[in-house]
Amino acid sequence: MKLKNVPMLAVLGLLAYANPAEAQLLKKFQKSLEDKASQKVDDVLNGKKKAATAAPESTTDKKAAPAIEEVYSFTPGSTIFFESDFKRDTKGLMPKKWKASTSGSIVNIPDMPGNWLALTARTTYKIDSLIKMPENFTVEFDLVTRSDEARDIGSMSFGFARDNSIKSYTMDAYNDNATTNTQLHFHNREISSSSSDTKVHNTLSYPFANYANGLLHVAIAVEGENMRVYVNRSKVLDTRMLRKDLPKFFYLSAPFSYDNQAKVYFGNFVMSKS
């Protein structure tokens, strides 16, 4: 007789009709069930185990938030071959050296020096000229956030593409001929990076809750096939992302959406040859 899955009421019923030997076995099984039930109640009361109705703990595997390096390993290239600070651009218009899949406007930001490009939601921006990238180079730029809370800013990204087209919004490393994509997830407090060339994809935590109203300095170093990315001096990527034999065109994709009149601004863009 298999007793493993026999419920308590069934055991009591069987006791009434069983012969002495079977009855003795059923009593032992009943005692075992009672002991196990009592132990589970004690465990819940003593805090050793969660009740059955408690929500399961998340098993998502995320890397810890990156720490600021003791020695900041990013070094800008020695020779600037493109820069754009928007100082000579007309307010209310797109900057002359840039193009957009929809639109953008040069503005001033209170308490921030210089001119800034206000990023229109769901818009990709690229340099409005064909620039041949050297094998080793660096890119730096600033992002200024303005929002009630950081989660009001939708995910935005930047990276390199194989062409300079702006026919549509570049969302990742796999559409619109893009090669790499580093995405800032303000809502999920994460940074993810991916490459359609090397099939890299990784995600780590980042304290975006602290950047509802702040400045994010992004630095990128490309050395052949390897790409390093820093956000406010924290290294968030350092791995093989590119193929040396393919063209590289920088792009910046504005947040997918804004809530509660949030906004992100872009400026101080510099590319240098190493």
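Computed from a prediction, not measured in an experiment: that's the story for all the values here.

1. Quick word on the pairing of strand β6 (residues 136-146)
At step 1: The buried fraction of β6 amounts to nine of the eleven residues, a majority that puts the element mostly inside the structure.
At step 2: Across nine bridges, the pairing between β6 and strand β11 (residues 215-223) is antiparallel. Opposite Phe 141, over in β11, you have Val 218 as the bridge partner.

2. As for unusual backbone geometry
At step 1: Positive phi, close to 70°, is recorded for Asp 111, a residue that is not glycine.
At step 2: Structurally, Asp 111 can be placed in the loop between β3 (104-109) and β4 (112-119).
At step 3: For Asn 260, which is not a glycine, the phi torsion comes out positive at approximately 55°.

3. Let's talk about the confidence of the model for the protein chain
At step 1: The share of residues in the protein chain with pLDDT of 70 or more is 74%, and the mean pLDDT across the chain is 83.
At step 2: Low pLDDT, under 50, characterises residues 1-18; the predicted model gives this stretch 24 contacts beyond four residues in sequence or across chains.
At step 3: Counting interchain partners and residues more than four positions distant, the pLDDT-below-50 stretch residues 40-62 has nine contacts.

4. Examining the nonpolar core
One recurring pattern in soluble globular proteins is that nonpolar side chains are buried together.
At step 1: Leu 119, Phe 141, Leu 143, Ile 220, Phe 250, Phe 266 and Phe 269 are the most contacted members of the largest nonpolar core, which has 49 residues in total.
At step 2: In contact with Ile 220, other than residues within four places in its own chain, are Phe 74, Phe 137, Thr 138, Val 139, Phe 141, Phe 158, Phe 160, Met 227, Arg 228, Val 229 and Phe 250.
At step 3: Counting residues in hydrophobic clusters, the runner-up holds five residues, among them Ile 109, Trp 116, Val 144 and Tyr 265.

5. Looking at the packing of aromatic side chains
At step 1: With the rule as written, the count across this model stands at 20 aromatic pairs.
At step 2: Both rings, one in Phe 82 and one in Phe 269, keep their centres 6.0 Å apart while their planes meet at 70°; by these two values the pair is edge-to-face. Of this pair, Phe 82 sits in strand β1 (residues 79-84) while Phe 269 is found in strand β15 (residues 263-273), placing the two residues 187 residues apart along the sequence. Of the two residues, Phe 82 and Phe 269, both sit in the buried class.
At step 3: Both rings, one in Trp 98 and one in Phe 269, keep their centres 5.0 Å apart while their planes meet at 85°; by these two values the pair is edge-to-face. Note that Trp 98 is positioned in strand β2 (residues 98-100) and Phe 269 in strand β15, a separation of 171 residues in sequence. Like Phe 269, Trp 98 is buried.
At step 4: Within the aromatic cluster, the residues linked to one another by ring pairs are Phe 82, Phe 86, Trp 98, Phe 137, Phe 141, Phe 158, Phe 160, Phe 250, Phe 266 and Phe 269.
At step 5: The ring of Phe 82 is capped by Lys 97, whose NZ or CZ atom sits 5.6 Å from the centre of that ring.

6. Focus: the environment of Ile 220
At step 1: Turning to its location among the elements, Ile 220 is positioned in strand β11.
At step 2: Sequence separation between Ile 220 and Lys 235 is 15 residues; the distance between their C-alpha atoms is 9.7 Å.

7. Remarks on the environment of Val 222
At step 1: By the element assignment, Val 222 lies in strand β11.
At step 2: When its relative accessible area of 1% is taken as the criterion, Val 222 is described as buried.
At step 3: Considering only alpha carbons, one finds Val 222 and Met 133, 89 residues apart in sequence, at a separation of 10.0 Å.
At step 4: Val 222 has contacts with Glu 135, Asn 136, Phe 137, Phe 160, Met 227 and Leu 242, leaving out every residue within four places of it along the chain.

8. Here we look at the sheet that holds strand β8 (residues 180-185)
At step 1: As summarised here, the arrangement of the seven strands in space is β2-β5-β14-β7-β8-β9-β10, forming an open sheet in which the pairing is antiparallel. Two strands close off the open sheet at either side, each with one partner strand: β2 and β10 (201-205). Strand-to-strand, the axes of this sheet are offset by a mean angle of 15°, without reference to chain direction.
At step 2: Across three bridges, the pairing between strand β5 (residues 124-127) and strand β14 (residues 249-253) is antiparallel. For Thr 124, the partnering residue across the bridge sits in β14 and is Ser 253.

Analysis parameters
Residues numbered from 1 in each chain as written. Predicted model: local features only at pLDDT ≥ 70, side-chain atom pairs only at ≥ 80, totals over all residues. Heavy atoms only, no water. Buried < 20%, exposed > 50% of the residue type's maximum accessible area, 1.4 Å probe, protein only. Helix = DSSP H or I, 4+ residues; strand = E, 2+ residues; numbered from the N terminus. Pairing = 2+ DSSP bridges. pLDDT = per-residue confidence, 0-100. Contact = heavy atoms within 4.5 Å. Core = buried A, V, L, I, M, F, W, Y, C linked by side-chain atoms within 4.5 Å. Phe/Tyr/Trp six-rings, centres within 6.5 Å; stacked < 30°, edge-to-face > 60°. Lys NZ or Arg CZ within 6 Å of the ring centre and 35° of its normal. Axes fitted to C-alpha atoms, helices over the stretch in contact; angles between N-to-C directions.

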